[in-house]
Amino acid sequence: MSKAAFTGLKAVQELRFHLCQTSKGSEGVRNFLMSSYKTLKAASPSTPVLIRESSGAEGKLYARYDMGVEKCVKLEGLDAKGVEKCLQDLVSSVPK
Amino acid sequence: MPRARALARALARAVDATARVALDGASMRATCARTMTKPNDARAVATARTRARAYSVGQMVHRDVPEDNSTMTWTFEASVRPKVDAILRRYPSNYKRSAMIPLLDLAQQQNKGHLTLAMMNHIADVLEVAPIRVYEVATFYSMFNRQKMGKLHVMVCGTTPCMLRGSREIEKALEEWMGVKKFETTACGTFTLGEMECMGCCVNAPMIAVADYRNGVEGYSYNYYEDLTPQTAVKVCEALKAGKSPRVGSQIRDKAEPIKGLTTLTGDPSGPFSRDLDQIKADVDAAAAAAAAAAAAEKK
Amino acid sequence: MTRLAVARKASREAYKTLFGARAGAMRAMSAEAAPNPDTVPVTVNGQEVHVPKGVTVLYACEQAGVDVPRFCYHHKLSIAGNCRMCLVEVEKSPKPVASCAMPVMPGMNIKTTTDLVKKAREGVMEFLLINHPLDCPICDQGGECELQDQSYIFGSDRSRFTEYKRAVEDKELGPLVKTVMTRCIHCTRCVRFSTEIAGVQDMGITGRGNQAEVGTYISKLLASELSGNVIDLCPVGALTSKPFAFTARSWELEGTPSIDVTDGLGSNIRVDTRGNEVMRIVPRANEEVNEEWISDKARFSYDALKRQRLDRPMVRGSDGKLQETSWEFALDYVAEKLKATEPDAIRAVAGKLCDAESMISLKDMMNKLGASHTTPEGMANVSADVRSSYLFNSNLVGVEDADYVLLIGTNPRTEAPVLNVRLRRAVIAGGATVTSVGPNADLSYPSTHLGDTTATLEEITSGKHAVCEAIKAANNPMVIVGSELLRRADSKILLKKIHAMCDELGVVKGDWNGFNVLHDAGGTVGALDIGFVPGTSASNDVPAKLVYSLGAEEFDAPAGAFIVYQGHHGAQGASKADVILPGAAYTEKTGTYVNTEGRAQVAVASMGPVGQAKEDWRILRALSEFAGVPLPYNTHEQVHRRLAEVAPHFAKLNEVEATLWMNGATYAHEKARKADASIPFKSSVENFFMTDVISKTSATMAKCTEARNEMNA
């Protein structure tokens with residue numbers, strides 16, 4: 001999870017992570033964020049990476065692109081690697 | 001019996017009247033007319049004045065005047081500070097406010113019997129409490145004078161034993177001699193005539209207490225002058241005004257003994273008298289020695 | 001624990017169950033389940049209840065559901081026991097006992113329906129009414145007067161008093177509290193409130209007996225930001241609201257639950273309206289947020305809702321003057337400008353009093369137009385990524401558990417007076433130490449001022465300052481950062497250092513997160529929560545050509561920029577605008593506001609917007625239609641669902657979420673720079689009474705400012 005892996009972040013206007021603070025399903029999201037948030041921000045400091053936790057919430061990832069287009073991917077039950085993969089998919093599939 | 005019936009009817013009417021008093025305006029006015037005294041009656045005026053004073057407002061709030069307002073400051077004199085410290089040492093350091101009443105009294109003595117706002121604020125500083133706490137204590141006790149006083153505060157006891165023995169006449173005599181009414185100060189500023197509750201000299205009634213503010217804290221005195229008559233009361237005040245020291249305590253007897261002489265304790269007390277302990281010790285020692293000698297003799 | 005502390009804790013637990021969602025169920029559960037070993041059994045009117053040890057007889061009666069009348073007892077104040085109205089009969093006691101002061105003993109048999117109790121209550125009521133003036137027709141408290149109610153229920157039905165009543169002088173307590181001290185029954189609630197809660201020891205009871213008077217003795221302004229709460233506390237009409245005097249009777253008013261936005265606490269309020277007019281604002285009890293209190297600003301600035309209102313759309317003509325126009329024209333005009341301006345030159349600023357619904361509508365519309373430059377008012381430098389970096393993480397109730405508090409750049413007394421009450425309790429009752437780097441202010445409790453420069457903060461964050469040891473040694477240390485620090489240009493550097501310090505000195509450890517940010521307005525946290533921050537492509541390189549201000553008064557707008565102001569008061573922001581779209585104030589729209597703890601609360605509309613104004617999110621929805629980027633929601637529920645889509649905690653109202661602490665990762669990418677040492681730490685509140693557009697327009701607040709200036713002169 002190097003900085004290079006997230007260079008595509010600049011194409012995204014904003015990222016939103018939904019997760020639960022304690023549930024098993026969001027464990028992957030939590031681990032990913034704890035380990036990779038720093039790298040994410042280093043890759044694109046001006047991209048807001050909003051982390052929104054709520055007890056009982058399902059793990060989700062929203063990416064907002066230009067012109068208000070948003071895409072959502074469910075992260076419930078994934079591990080940190082799975083979350084990273086989802087993120088990279090969202091980042092690379094910028095809608096035209 | 002017609003009288004009983006009339007009584008019963010009157011009683012019923014009275015009960016009825018009381019029951020109706022809150023509801024019927026006419027009977028309420030009638031009740032008030034019965035209970036209220038006529039306005040020009042002299043006694044009514046007098047009672048109205050005392051009653052008015054009892055219901056009057058404004059004694060428990062402070063009004064700024066040129067000689068007593070919130071811009072003034074005051075401190076204990078240097079000569080009085082040792083006394084202040086001695087008082088403070090009596091109490092734990094986190095309960096300084098226990099010293100409030102003694103300090104207020106001391107401050108009053110220093111300031112000629114007048115407790116001003118500046119003094120209360122200074123005491124609040126010394127005791128590390130908010131000023132309102134000092135105001136509460138100073139207004140609660142009537143012996144703290146928040147008005148200017150005369151140099152001598154003459155307080156006449158008016159409680160029952162003294163009243164029975166003529167305190168009202170003492171009061172009248174002093175009022176006439178000083179030329180003021182109760183609670184007022186003479187024009188020359190020498191006397192303030194006041195009243196006090198029972199000061200415990202009921203045997204020597206009637207009596208007055210005089211607080212002397214002429215000589216600051218060192219010369220402060222609070223003396224009782226007892227067994228007074230209207231004439232002797234005036235004499236005491238004349239003497240004080242002249243700078244003399246009239247006899248403190250009872251004016252006619254030593255303490256509170258019977259006036260016509262002792263009726264008890266006229267001679268030496270009868271027995272039992274205390275034992276002669278030395279003699280007893282000697283006897284005991286002698287007995288012990290004798291017993292020891294007897295035992296020694298037996299052994300042989 | 002002292003008796004008072006036990007009673008308070010028990011009362012807090014009781015209120016949690018009484019006002020919690022599962023109140024009924026919990027009470028039923030406790031009745032059937034095995035009694036907690038820490039409780040004692042007590043019988044009240046034949047019914048057995050189990051209450052914690054050490055609580056009062058009154059508490060036991062309340063648990064049993066029995067009403068005990070009282071005047072001087074208040075569960076938030078110390079016990080006085082001077083009104084004697086709470087007398088109840090306790091078996092084996094020779095006299096009736098004051099239930100507010102008597103602790104329960106196991107097996108106590110309490111009776112409240114016997115003849116003795118009835119006679120006692122009638123007697124006490126008779127005594128209280130002896131000197132009470134016959135003012136009901138002219139007294140503001142009529143209709144909501146505890147004396148009236150308790151006299152009606154517990155008192156005798158006739159009087160036998162034919163003597164004179166005493167009269168007392170009215171006291172001058174300021175422009176907010178009207179006093180008619182003849183009505184005072186000397187319960188001393190106001191004295192105890194001023195001393196214990198407000199911390200301003202100005203009120204007392206002077207004299208004694210018939211001459212006793214409650215007041216300040218000297219003519220002194222009740223100079224506390226919480227002075228209005230004595231109006232709620234006073235059981236009779238002795239202390240009433242001056243602005244509200246003689247305007248309405250309580251039975252004419254309809255109360256609507258709402259949320260206060262004048263500070264960041266989200267105090268729960270009830271807006272009392274008569275028809276289409278807000279008559280007054282009173283607090284709602286919420287143990288977790290504002291207990292029973294609200295600040296004076298929250299309570300008394302409602303008169304501004306009738307002054308200087310924007311009630312019709314306006315457009316600035318070529319002569320430079322604003323002209324009234326129709327909604328269609330105004331919206332069309334703005335839409336044209338939006339479509340004509342390049343997205344990078346569009347800026348959106350959300351005011352600090354905005355509700356989340358209007359802010360998400362604005363953000364969505366801007367994003368759809370391709371504009372990403374959205375900032376909350378004054379918070380251009382704040383990162384919205386990690387919630388724990390901008391919230392009051394310990395929660396307001398957690399303040400009472402703190403044993404060391406470090407204030408950085410904040411004056412909680414003026415920024416959040418109700419939070420200051422909790423801090424005061426932590427210091428006085430809990431023995432906490434408070435030190436402050438920032439403004440040197442009288443907080444109403446002892447605190448140590450360490451300095452107000454960045455140098456002092458530097459010493460602390462680098463571990464060299466003397467207080468660092470104390471912080472490390474504390475069990476629950478807290479750091480409270482003021483919102484003014486967030487407004488500084490160097491805020492990110494300072495926050496990075498503070499975060500590092502929190503990790504090092506154990507301010508954040510295990511379950512305890514002691515890092516707190518205290519916001520000073522109701523809309524800021526909502527803006528950050530929905531991500532109303534610049535997106536990736538937003539930059540300041542392209543100068544702004546169109547600025548959309550959603551109620552923001554202070555925003556950067558270069559000369560020649562087209563300014564759209566959507567708000568409710570015609571003040572600084574509106575005066576610069578080219579188009580004014582009249583919106584609704586916080587009492588006129590149903591909106592969600594997130595308080596400084598991250599608790600989302602809904603303020604229900606108590607009346608409709610004035611004139612031709614509309615609810616803000618509806619204006620933006622209409623505008624989006626005109627601009628060709630229609631927003632996908634048409635009802636309030638749909639907007640709320642969108643909010644939950646953006647941040648899931650909006651779906652759970654009135655609850656606080658535990659925040660994730662990123663252990664220093666939050667600002668890790670910020671380059672190390674020197675903090676600006678030339679600017680000392682100040683509070684964001686210079687004049688407590690005038691901090692936002694509503695309070696600045698209020699005549700009552702102006703009177704308060706004048707009174708304070710006179711007092712300080």
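In this report, we go over the structure that sits alongside the text. Just so it is clear, the model here is predicted, and its values are computed rather than measured. (Residues numbered from 1 in each chain as written. Chains lettered and ligands numbered in written order. Predicted model: local features only at pLDDT ≥ 70, side-chain atom pairs only at ≥ 80, totals over all residues. Heavy atoms only, no water.)

## A short note on unusual backbone geometry
- Looking along the chain, the bond that leaves Ala205(B) and enters Pro206(B) is cis, with omega of -20°.
- At Thr188(C), a residue that is not glycine, the phi angle is positive and equals roughly 65°.
- When its relative accessible area of 12% is taken as the criterion, Thr188(C) is described as buried.
- Located in the positive-phi region is Asn654(C), a residue other than glycine, with phi close to 65°.
- Within the secondary structure layout, Asn654(C) lies in the loop between helix 20 (636-646) and helix 21 (693-697). (Buried < 20%, exposed > 50% of the residue type's maximum accessible area, 1.4 Å probe, protein only. Helix = DSSP H or I, 4+ residues; strand = E, 2+ residues; numbered from the N terminus.)

## Comments concerning the interface of chain C and chain B
- Contacts between the two partners involve 26 residues from chain C, matched on the other side by 24 residues from chain B.
- Between chain C and chain B, roughly 2300 Å² of surface is buried when both sides are summed, and carbon and sulfur atoms account for 54% of that area.
- A salt bridge links Glu169(C) to Arg63(B), with the nearest nitrogen and oxygen atoms 2.7 Å apart.
- The interface formed by chain C and chain B includes nine residue pairs in polar contact (both at pLDDT 80 or more).
- Elements represented by at least two residues in the side of chain C that touches chain B include exactly helix 6 (189-198), strand 7 (204-206) and strand 8 (213-215) of chain C. (Contact = heavy atoms within 4.5 Å. Buried area = accessible area lost by both parts, 1.4 Å probe. Salt bridge = Lys/Arg side-chain N within 4 Å of Asp/Glu carboxyl O. Polar contact = N/O pair within 3.5 Å; in protein donor to acceptor, adjacent residues only side chain to side chain.)

## Focus: the environment of Leu90(A)
- Tracing the sequence through the fold places Leu90(A) in helix 2 (residues 80-92).
- Once residues within four sequence positions are removed from consideration, Leu90(A) is found in contact with Leu61(A), Ala63(A), Tyr65(A), Lys71(A) and Val73(A).

## Section: the sheet that holds strand 16 (residues 374-376) of chain C
Residues and elements named next belong to chain C.
- Taken in spatial order, the seven strands of this open sheet run 14-13-26-25-24-15-16, and their pairing is mixed. Looking along the sheet, the strands with just one partner apiece sit at the ends: strand 14 (322-324) and strand 16. Taken over all neighbouring pairs, the strand axes of this sheet differ in orientation by 20° on average, direction set aside.
- Bridging between strand 25 (residues 562-567) and strand 26 (residues 579-582) involves four bridges; their strand directions are parallel. (Pairing = 2+ DSSP bridges. Axes fitted to C-alpha atoms, helices over the stretch in contact; angles between N-to-C directions.)

## Overview of the packing of helix 4 (residues 115-130) of chain C against helix 5 (residues 146-154) of chain C
Residues and elements named next belong to chain C.
- Between helix 4 and helix 5, the shortest axis-to-axis distance is 10 Å and the interhelical angle comes to 140°. It follows that helix 4 is oblique to helix 5 by the angle criterion. The hand of the helix 4/helix 5 crossing is left-handed. Facing Arg-121, Glu-122, Met-125, Leu-128 and Leu-129 of helix 4, the residues of helix 5 in contact are Leu-147, Gln-150, Ser-151 and Phe-154.
- When the residues that make up the contact of helix 4 with helix 5 are grouped by side-chain class, the tally is five nonpolar, two polar and two charged. (Parallel < 35°, antiparallel > 145°, perpendicular 65-115°, else oblique. Left-handed = near helix turned anticlockwise from the far one by under 90°. Nonpolar A, V, L, I, M, F, W, Y, C, P; charged D, E, K, R; others polar.)

## Section: the interface of chain C and chain A
- Chain C puts 38 residues into the contact, and the matching count from chain A is 33 residues.
- Contact between chain C and chain A buries roughly 2800 Å² in total, counting both sides, with carbon and sulfur atoms accounting for 52%.
- The largest contributions to the chain C side of the interface with chain A come from Asp385(C), Thr536(C) and Leu660(C), which together make up 25% of the buried area.
- The interface formed by chain C and chain A holds three salt bridges in total.
- The partner of Asp385(C) in a salt bridge is Lys41(A), with the nearest N and O atoms 2.5 Å apart.
- The interface formed by chain C and chain A holds 27 residue pairs in polar contact (both at pLDDT 80 or more) in total.
- Here the side of chain C that touches chain A is composed, by residue class, of 18 nonpolar, eleven polar and nine charged.

## As for the nonpolar core
Residue and element names in this part refer to chain C.
- By size, the foremost hydrophobic cluster in this structure holds 91 residues, and its most contacted members are Val-42, Val-44, Val-51, Val-104, Ile-110, Phe-193 and Leu-419.
- The element contributing the most residues to this core is helix 12 (residues 417-428), with six residues.
- With residues up to four places along the chain from it excluded, the contact list for Ile-110 reads Val-42, Thr-43, Val-44, Asn-45, Val-57, Ala-60, Cys-61, Val-88, Glu-89 and Val-90.
- Ranked by size, the runner-up nonpolar core spans 81 residues in total, among them Ile-498, Ala-627, Val-629 and Ala-647. (Core = buried A, V, L, I, M, F, W, Y, C linked by side-chain atoms within 4.5 Å.)

## Details of helix 6 (residues 117-127) of chain B
Residue and element names in this part refer to chain B.
- Most of helix 6 sits out of view: nine of its eleven residues are buried.
- Packing partners of the buried residues in helix 6 comprise helix 4 (81-89), helix 5 (100-110) and helix 7 (131-140).
- Phi turns positive, to about 55°, at Glu-128, one or two residues after helix 6.

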